[in-house]
Amino acid sequence: MKIESLKWDSEFFGYPVGILNLGAFDMDEQQLLVDSKRFKLVYVTSNNPQGSSLLSCGDSKKVFAKLPTDQGIDASVVEMPIEKMDDAVRIGLQSGLWSRFALDPGFCSNEFERLYRTWVERSVTHEIAYKTLTVMEEGEPTGILTLSGKADHESSIGLFSVDSEYRGKGIGKSLLKAADTLSFKRGDSRLTVATQGKNSAACEVYQRFGFELISETYIYNYWNEAFTVQ
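Residues numbered from 1 in each chain as written. Predicted model: local features only at pLDDT ≥ 70, side-chain atom pairs only at ≥ 80, totals over all residues. Heavy atoms only, no water.

1. Comments concerning the overall build of the protein chain
Note the threshold: By definition, any uninterrupted DSSP run of H or I lasting at least four residues is a helix, any uninterrupted run of E lasting at least two residues is a strand, and each is numbered from the N terminus. Burial status follows relative accessibility: with a 1.4 Å probe on protein chains alone, a residue under 20% of its type maximum counts as buried, one over 50% as exposed, and anything between as partly exposed. Whether two residues are in contact is decided by their heavy atoms, any of which lying within 4.5 Å being enough. The protein chains shown are the only cover counted for residues, whose accessible areas, like all others here, come from Shrake-Rupley with a 1.4 Å probe. Positive: Lys, Arg. Negative: Asp, Glu. His and the chain ends are not part of the count. Where a charge lies is defined by one atom per residue type: Lys uses NZ, Arg uses CZ, Asp uses CG and Glu uses CD.
Looking only at helices and strands, the protein chain features seven helices and 11 strands. Seen through its C-alpha atoms, the protein chain measures out along the principal axes to roughly 55 × 35 × 30 Å. Out of the 230 residues belonging to the protein chain, those deemed buried represent 48%. Taking as baseline every contact in the protein chain between residues at least 6 positions apart, the subset at least 24 positions apart corresponds to 72%. Here the protein chain displays about 11,800 Å² of accessible surface, and carbon together with sulfur accounts for 50% of that area. Considering the protein chain, the positive charge centre built from 25 side chains and the negative charge centre built from 32 side chains are found 2 Å apart.

Put into structure tokens, the structure is as follows:
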């Protein structure tokens, strides 16, 4: 199995990043040490948990899906105002607290914040999302949900978070209802969302809303401590 170079990640983080897809196989530690020499960071993905001490910050990516339905859109749900970008970023960062980019101490150059800021900004400006929704309260955004269109009549929820000060008020449900309805009206045959396996609260929210687990992929980071700039 070959480690593939990830151009976007490498350019964004400023060091060589690759990905190794193991599939159903177990990792060969000696082969990883040999093949990873030109990378500082390698994402290792697998269908099964891996027990190697070389790997850090292991978690799984759970993908949920449902058939879109028309649940209506609450009047409080609106497009995220572009002038509220700073608030959108602040709320968006809260959606990534379980991300390996936030939890792995190997990311020590503000990678997590830069990555999620870029994700939010490109979503609010509709570069990578066709809708970025929020619920406004007294002129302030209280949450964020982004919707991106995929092939084969599918929409995908990307960022989804409710500001910690406004949780428990049904804002998350309003955003999910709106996403469901927009996907339905777009003619999608499937609405998907992904989250970290360790984020049990998010998994429960999606399942209560009617999403079903369709796949689980284990993801790890391998940091090449011997890496030197070529």
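2. Some words on helix α5 (residues 111-124)
In plain terms, the rule: Multiplying one less than the number of residues by 1.5 Å gives the expected span of a helix.
Its 14 residues place the ends of α5 20 Å apart at the C-alpha level, agreeing with the 20 Å of an ideal helix rising 1.5 Å per residue. Among the residues making up α5, those that are buried are Glu111, Phe112, Leu115, Tyr116, Thr118, Val120, Ser123 and Val124. Those residues of α5 that are buried lie in contact with α1 (7-13), α3 (85-94), α4 (100-103), β6 (131-137), β8 (143-150) and β9 (154-162). Remark: His126 follows α5 within two positions and exhibits a positive phi of approximately 65°.

3. Here we look at helix α7 (residues 200-208)
Applicable threshold: Here, the arc refers to the directions that run from the helix axis to the C-beta atoms.
Along α7, the residues that are buried comprise Ala202, Cys203 and Tyr206. Viewed along the axis of α7, the buried residues span an arc of 100°, placing them on a single side of the element.

4. Regarding unusual backbone geometry
Phi is positive for Cys57, which is not a glycine, with a value near 55°. For Cys57, the location among the structural elements is in strand β4 (residues 56-66). For Cys57, a relative accessible area of 23% gives the class partly exposed. Even without glycine at this site, Glu138 takes up a positive phi of about 55°. Position of Glu138 relative to the elements: it lies in the loop between β6 and β7 (140-141).

5. Some thoughts on the pattern of salt bridges
Defined as follows: Salt bridges are defined by distance alone: a side-chain nitrogen of Lys or Arg within 4 Å of a carboxyl oxygen of Asp or Glu.
Going through the model one piece at a time under the given rule, you end up with 11 salt bridges. Taking the shortest distance from any N to any O, the salt bridge between Glu121 and Arg117 comes out at 3.3 Å. Placement of both Glu121 and Arg117 in helix α5 is noted, with a separation of four residues, approximately one turn of the helix. Take Glu121: its relative accessible area is 30%, and that puts it in the partly exposed class. It is possible to trace a salt-bridge network through shared partners that takes in Asp87, Arg90 and Asp163.

6. Details of the nonpolar core
Definition in use: As used in this record, nonpolar core signifies buried Ala, Val, Leu, Ile, Met, Phe, Trp, Tyr and Cys residues forming a set joined through side-chain atoms within 4.5 Å.
Judged by nonpolar contacts, the single largest core of 23 residues is most densely connected at Leu145, Ile157, Leu175, Tyr206 and Phe211. When contributions to this core are tallied by element, the ones reaching two or more residues are β6, β8, β9, α6 (171-185), β10 (190-196) and α7. With six residues, the top contributor of residues to this core is α6. Every residue in contact with Phe211, bar those within four places of it in the chain, is listed here: Phe64, Ala65, Lys66, Ile157, Leu191, Thr192, Val193 and Tyr206. The next biggest cluster of nonpolar side chains, apart from the first, holds 22 residues, and it includes Ile91, Phe101, Val120 and Trp223.

7. Focus: the pairing of β8
Definition in use: Two strands qualify as a pair provided that DSSP identifies no fewer than 2 bridges between them.
By the bridge criterion, three bridges tie β6 to β8 in an arrangement that is antiparallel. Bridge assignment links Thr132 to a residue of β8, and that residue is Thr146. Where β8 and β9 come together, seven bridges link them in antiparallel fashion. By the bridge assignment for β9, Gly143 is matched with Val162.

Scope: geometric values only; no functional claims are made or implied.
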